[in-house]
Every structure is written in C-alpha cells, then in structure tokens.
Amino acid sequence: MTEQRTSAQGTTGGRATVARVYDFLLGGEQNFAADREAARQLLQAVPEAADMALSARLFLRRAVQTLAEDGIKQFLDLGSGIPTQGNVHEIAQAIDPTIRVVYVDIDPVAVVASNQILIGNPTCRAIEGDFTRPDLILDALAGSHLATVIDLEQPTAVLYCSVLQQVADDQVDDVVAPIRDLLVPGSAMVISHLSATITDSFGQSALDEGRSVYRTQAATEITLRTDEQLTALFGDLALIEPGLVPLNHWRPELSEPDPYATAPTPSPVRGAVGIRY
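The structure reproduced in this document is the subject of the present report. The shown structure was predicted, so the numbers you read here are calculated from the model rather than taken from an experiment.

## A closer look at the overall build of the chain
Helix and strand content of the chain: 10 helices and 8 strands. Here the C-alpha radius of gyration of the chain, 18 Å, is about what a compact globule of 277 residues would show, namely 19 Å. Viewed in the frame of its principal axes, the chain has a C-alpha envelope of about 45 × 45 × 35 Å. Counting only residues that meet the buried cut, the chain has 53% of its 277 residues in that class. Put simply, 72% of the contacts in the chain that link residues at least 6 apart link residues at least 24 apart. In the form shown here, the chain has an accessible surface area of approximately 11,900 Å², with 52% of it arising from carbon and sulfur atoms.

Structure representation (structure tokens):
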C-alpha cells in the first residue's frame, strides 16, 4: 500500500476505478476524489445510477441467501469490489457459519478493505486478481493458502455481479467458460449485468454519456448484452426460477425493497442464477 492509498479522504487516489465509484454510489467511504468526480459525472448523465447500484447489491444478497439455504458451502466472488454492509460472507455465514468465501478484485484498496473485515474469520479470504484472467485465478485457488478455502471439486457458487459488462463480446466467453466448465454438479453461477434494453429507459444520449464517464475516468468500456447473450453465458447450467429477469423481479421477497419496486419501469439490469444438476 502506498501512502496515497492509506485513506480515501483528501486524496485523488489516481484514476477512478469501477469498484470505488460503485462504493461511492452505495454511500461507502472507501473512495477517492477521482472516484467521487466520476460518480458525480455518472449521476449527471444517468440519475438512476445509485438506484441501479443498490438494486444490484440487493440482488447479490438474495442470490447468496438462496444458494446458502440450498446447501452450497463455497462462494467465489469475482470482481468483488469494495466491501459494504451485507457482504457475501455475512449473508452466507448467517445461514451456515462454516461456509467458505474467496473474494477476488483487481483493486488493492478493495482487497485490503476486505481482509480488514475478515480478520478473525479463518474460512474467508480476499486476494488481488483480475477476473478476466481465469487461468491465474485457478492457479491461485490451487495454491496452498487457498486450497483449504475453495475446492472446485466440491459444489461452489461463482459470482459475476455487475462485472461482465466490463468485458468485450469477443472476450467474454474466454473469461467465463474456463471456471464455469469446471463446476461440478450442485454448483451455481450468479450473473447480474446491464441489459441492452437500458436505452429504452434512458435513451441513447444518456447511455453514451454514462459510458463515456467510465471510458475517460476509469479506462473501462461498458458492453451491453441482450437476454439471449446473457443466457448463453450460463452454458449448460439450468436457470432457477424466475430465470433471467430485471433485478427487482428476482425473488424480491427475500430482501428489503428494491429501489425499482415501485418504479414505473423495471430495473435496466438483468440477473439470474444457474445450477449444474
């Protein structure tokens, strides 16, 4: 950790990152001036950005609760971001304290913050890694310090929540397939992702402005996908009820009300959970 990263207050922290912009939108404090400025520009272009972030977080919690109650004891959260209230391990271990969790994020701030929360929790780890490099993630999971936490020969839930939209169409299969195809029966995969229908909600101009913020401020391109494209990412996993739907329609009774629960239009983000039987 450099001195620049020791505090999220009063420093730019260099270029904005998606994880820290997301943290700011959720009301967190693990963000820098560059992230806050990027978030301000994003909210100006897409005023519902904070609602979308909260909706995605609530979906993640509901999916984790569902899978933990179904008996899955291992969770691999790829592109996990900055920890906030209701993290994967908090939701899962409230159901079964023996559940094991590995968080993976490319942002050192996210990893340090996560491991601070995990002090004294021997069944959870956070590691620095790029979710777009599944080969390196698999190598890390095979290492001695993680092999006792995640064993992919046992049923595992793999989470890609609001991250695959950062991957181009010609690369996304190479990102998802290597880990997805290793999952044994009883395993699951969770995806939330911006839908191509977002233009129906905000219009092309607002969408272009929002994508420009991520491109210029966080060096990240945002790719939208259709329902057909998102379903294809699950491969031969079977989607559980209610399938691929707007996030506020995915088992809403399991959490506090979604920001889109009473909105005139559903969430422009899709979510689904697939199981390998």
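## Remarks on the nonpolar core
Core analysis: the largest hydrophobic core is formed by 54 residues, its most contacted members being Val21, Met52, Leu67, Phe75, Val88 and Val190. Sorting elements by how many residues they give to this core places helix α3 (residues 49–69) first, with 10 residues. Discounting residues that sit within four places of it in the chain, Val190 has contacts with Phe59, Ala63, Leu67, Val158, Leu159, Tyr160, Cys161, Ala272 and Val273. Counting residues in each nonpolar core, the second largest holds 30 residues, with Leu141, Ile150, Leu164 and Leu237 among its members.

## Concerning the packing of aromatic side chains
According to the stated counting rule, one finds 1 aromatic pair in the structure shown. Each ring, one from Phe59 and one from Trp250, has its centre 5.5 Å from the other, and the planes form 85°; the classification is edge-to-face. Highlighted residues: Phe59 in helix α3 and Trp250 in the loop between β7 (245–246) and β8 (269–275), separated in sequence by 191 residues.

## What about the environment of Leu26?
Looking at the secondary structure, you find Leu26 in the loop between α1 (18–25) and α2 (33–45). As for Leu26 and Thr84, which are separated by 58 residues in sequence, their C-alpha atoms are 8.2 Å apart. Beyond its immediate sequence surroundings of up to four residues, Leu26 is in contact with Ala53, Leu54, Arg57 and Thr84.

## A few points about unusual backbone geometry
Put simply, Glu241 and Pro242 share a cis peptide bond, and its omega is 10°. Considering the arrangement of structural elements, one finds Pro242 in the loop between β6 (238–239) and β7. Backbone geometry at Arg251 places phi at a positive 45°, although glycine is not the residue there. For Arg251, the location among the structural elements is in the loop between β7 and β8.

## Observations regarding the pattern of salt bridges
Two side chains of opposite charge can pair, provided their charged atoms sit close to one another. Evaluated as defined, the whole model comprises 10 salt bridges. Linking Arg270 and Asp227 is a salt bridge whose minimum nitrogen-to-oxygen distance equals 3.2 Å. Highlighted residues: Arg270 in strand β8 and Asp227 in helix α10 (residues 227–232), separated in sequence by 43 residues. Judged by relative accessible area, which is 11%, Arg270 ranks as buried. Several salt bridges share partner residues, and in doing so they unite Arg20, Asp35 and Asp107 into one network.

## Remarks on the side chain of Arg57
With respect to the secondary-structure elements, Arg57 resides in helix α3. One buried charge, Arg57, has no salt-bridge partner; the nearest side chain with opposite charge is Asp77, at 5.8 Å. With residues near it in sequence (within four places) discarded, Arg57 still touches Tyr22, Leu26, Ser80, Thr84, Gln85, Gly86 and Asn87.

## Here's the deal with the side chain of Asp105
As for its position among the elements, Asp105 is in strand β2 (residues 100–105). No salt bridge is formed by the buried Asp105; the nearest opposite charge belongs to Arg20, separated by 7.8 Å. At 2.9 Å, the side chain of Asp105 forms a polar contact with the backbone nitrogen of Asp107. Once you skip the residues sitting within four places of it in the chain, Asp105 turns out to touch Ala19, Gly79, Ser80, Gly81, Ala110, Val111, Ile127, Glu128 and Gly129.

Criteria and cut-off values
Residues numbered from 1 in each chain as written. Predicted model: local features only at pLDDT ≥ 70, side-chain atom pairs only at ≥ 80, totals over all residues. Heavy atoms only, no water. Helix = DSSP H or I, 4+ residues; strand = E, 2+ residues; numbered from the N terminus. Rg over C-alpha atoms; globule rule 2.2 N^0.38 Å. Buried < 20%, exposed > 50% of the residue type's maximum accessible area, 1.4 Å probe, protein only. Contact = heavy atoms within 4.5 Å. Areas by Shrake-Rupley, 256 points an atom, 1.4 Å probe, with all protein chains shown as cover. Core = buried A, V, L, I, M, F, W, Y, C linked by side-chain atoms within 4.5 Å. Phe/Tyr/Trp six-rings, centres within 6.5 Å; stacked < 30°, edge-to-face > 60°. Salt bridge = Lys/Arg side-chain N within 4 Å of Asp/Glu carboxyl O. Lys, Arg positive; Asp, Glu negative; His and termini not counted. Polar contact = N/O pair within 3.5 Å; in protein donor to acceptor, adjacent residues only side chain to side chain.

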